[in-house]
Amino acid sequence: RRHTRYWRDWSSDVCSSDLGAGPARNVGVANAYGDVIAFLDSDDIWHERKLELQLPQLEDNSIVGCYANYFVSDAKKIVGSSVKSVNDAEATQAVLKADFLPALTSSWIMKKDLFEQNSGFDGRYRLAQDFEFANRLTRKGVQFKVIRTPLLSYRLNEMGETSNDYIGQFATWQ
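Residues numbered from 1 in each chain as written. Predicted model: local features only at pLDDT ≥ 70, side-chain atom pairs only at ≥ 80, totals over all residues. Heavy atoms only, no water.

K.L.:
Lay out the overall build of the protein chain in plain terms, naming residues and giving numbers.
P.N.:
What the protein chain contains, in helices and strands, is seven helices and six strands. Scanning the protein chain from its N terminus toward the C terminus, one meets helices and strands in the order α-α-β-β-α-β-β-α-β-α-α-β-α. Within the protein chain, the fraction of its 174 residues that count as buried is 43%. When contacts within the protein chain are restricted to residue pairs at least 6 apart in sequence, those whose partners lie at least 24 apart make up 73%. For the protein chain, the exposed area adds up to about 10000 Å²; of that, 48% sits on carbon and sulfur atoms. (Helix = DSSP H or I, 4+ residues; strand = E, 2+ residues; numbered from the N terminus. Buried < 20%, exposed > 50% of the residue type's maximum accessible area, 1.4 Å probe, protein only. Contact = heavy atoms within 4.5 Å. Areas by Shrake-Rupley, 256 points an atom, 1.4 Å probe, with all protein chains shown as cover.)

This is the structure we're talking about:
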């Protein structure tokens with residue numbers, strides 16, 4: 001029987017200091033139980049079978065994501081969907097070339113050891129820390145796998161950090 005455990009007692013130091021998602025995720029992983037981690041932003045929604053469908057694809061040296069449907073305020077009113085990749089090799093190459101991130105961070109699962117051995121998200125980047133992390137891992141041979149079914153509902157927020165500034169910051173570390 002499988003059990004899913006999660007940690008929701010976020011460190012007030014990380015949240016109140018407004019360091020961004022990367023440091024908050026690093027604190028969450030450091031306090032997580034188990035050998036597999038999964039990310040979920042507070043305004044996104046997982047499909048009820050997401051983990052069940054992703055876990056069989058997970059290997060020691062991989063990140064497994066999935067497609068997402070985009071919505072603004074009502075998750076049942078879809079306004080778009082994820083960037084598509086033909087296969088996992090193309091998804092990995094897209095990350096390596098910094099073309100696009102084939103699956104949103106809220107869709108990722110990976111082995112906790114892989115995350116920790118690679119020092120987690122780089123806190124120097126307020127934006128694009130997920131893109132930098134995925135790029136750093138794929139340069140070390142980590143495969144990016146994508147379940148090509150929308151298993152995540154991603155809330156679009158015009159006032160949020162996911163904007164053109166995201167790609168601009170990513171370009172600063174290349």
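K.L.:
Give me the environment of Asn69: which residues, what numbers.
P.N.:
Among the structural elements, Asn69 can be located in strand S3 (residues 62–71). Measuring from C-alpha to C-alpha, the distance between Asn69 and Ser81 comes to 4.4 Å, with twelve residues separating the pair along the chain. Residues within four places of Asn69 in sequence aside, it is in contact with Ile78, Gly80, Ser81, Pro150, Leu152, Ser153 and Tyr154.

K.L.:
Just give me the short version of helix H4 (residues 88–96), but keep the residues and values in it.
P.N.:
Buried within H4 we find Ala91, Thr92, Ala94 and Val95. Considered in projection along H4, the buried side chains sweep an arc of 155 degrees and stay on one side of the axis. Buried residues in H4 make contact with helix H6 (129–139) and strand S6 (143–155). Regarding H4, its N-cap is Asn87, as a side-chain oxygen of that residue lies 3.1 Å from the backbone nitrogen of Ala89 further along. Once H4 finishes, Ala98 follows within two positions and takes phi at roughly 60 degrees, a positive value. (Arc of directions from axis to C-beta. Polar contact = N/O pair within 3.5 Å; in protein donor to acceptor, adjacent residues only side chain to side chain.)

K.L.:
Please provide a residue-by-residue account of unusual backbone geometry, values included.
P.N.:
Of note in the backbone geometry, Ala98 takes a positive phi value of approximately 60 degrees without being a glycine. Among the structural elements, Ala98 can be located in the loop between H4 and strand S5 (109–111). A residue is classified by how much of its surface remains accessible, and Ala98, at 18% relative accessible area, is buried. Although it is not a glycine, Ser119 adopts a positive phi angle of roughly 65 degrees. The topology assignment puts Ser119 in the loop between helix H5 (112–117) and H6.

K.L.:
Please set out helix H2 (residues 21–30) residue by residue, giving values where relevant.
P.N.:
For H2, the buried fraction is high: seven of the ten residues fall into the buried class. Those residues of H2 not exposed but buried are Gly22, Pro23, Ala24, Arg25, Val27, Gly28 and Val29.

K.L.:
I'd like a description of the packing of aromatic side chains, backed by residues and values.
P.N.:
Under the definition given, this model contains ten aromatic pairs. Between Phe39 and Trp108, the aromatic rings sit 6.3 Å apart at their centres with planes inclined by 80 degrees, giving edge-to-face as the arrangement. Remark: Trp108 occurs in the loop between H4 and S5 and Phe39 occurs in the loop between strand S1 (36–38) and strand S2 (45–46); sequence separation between them is 69 residues. When its relative accessible area of 5% is taken as the criterion, Phe39 is described as buried. Given the relative accessible area of 0%, Trp108 is considered buried. Seen from their ring centres, Phe121 and Phe133 are 4.9 Å apart, and the 45 degrees between their planes marks the pair as tilted. Separated by twelve residues along the polypeptide, Phe121 in the loop between H5 and H6 and Phe133 in helix H6 bring together distant segments of the chain. (Phe/Tyr/Trp six-rings, centres within 6.5 Å; stacked < 30°, edge-to-face > 60°.)

K.L.:
Tell me about the side chain of Ser153, and name the residues and values.
P.N.:
The topology assignment puts Ser153 in strand S6. The buried category is assigned to Ser153, whose relative accessible area is 18%. Beyond its immediate stretch of four places on either side in the chain, Ser153 contacts Asp44, Ile45, Asn69 and Phe71.

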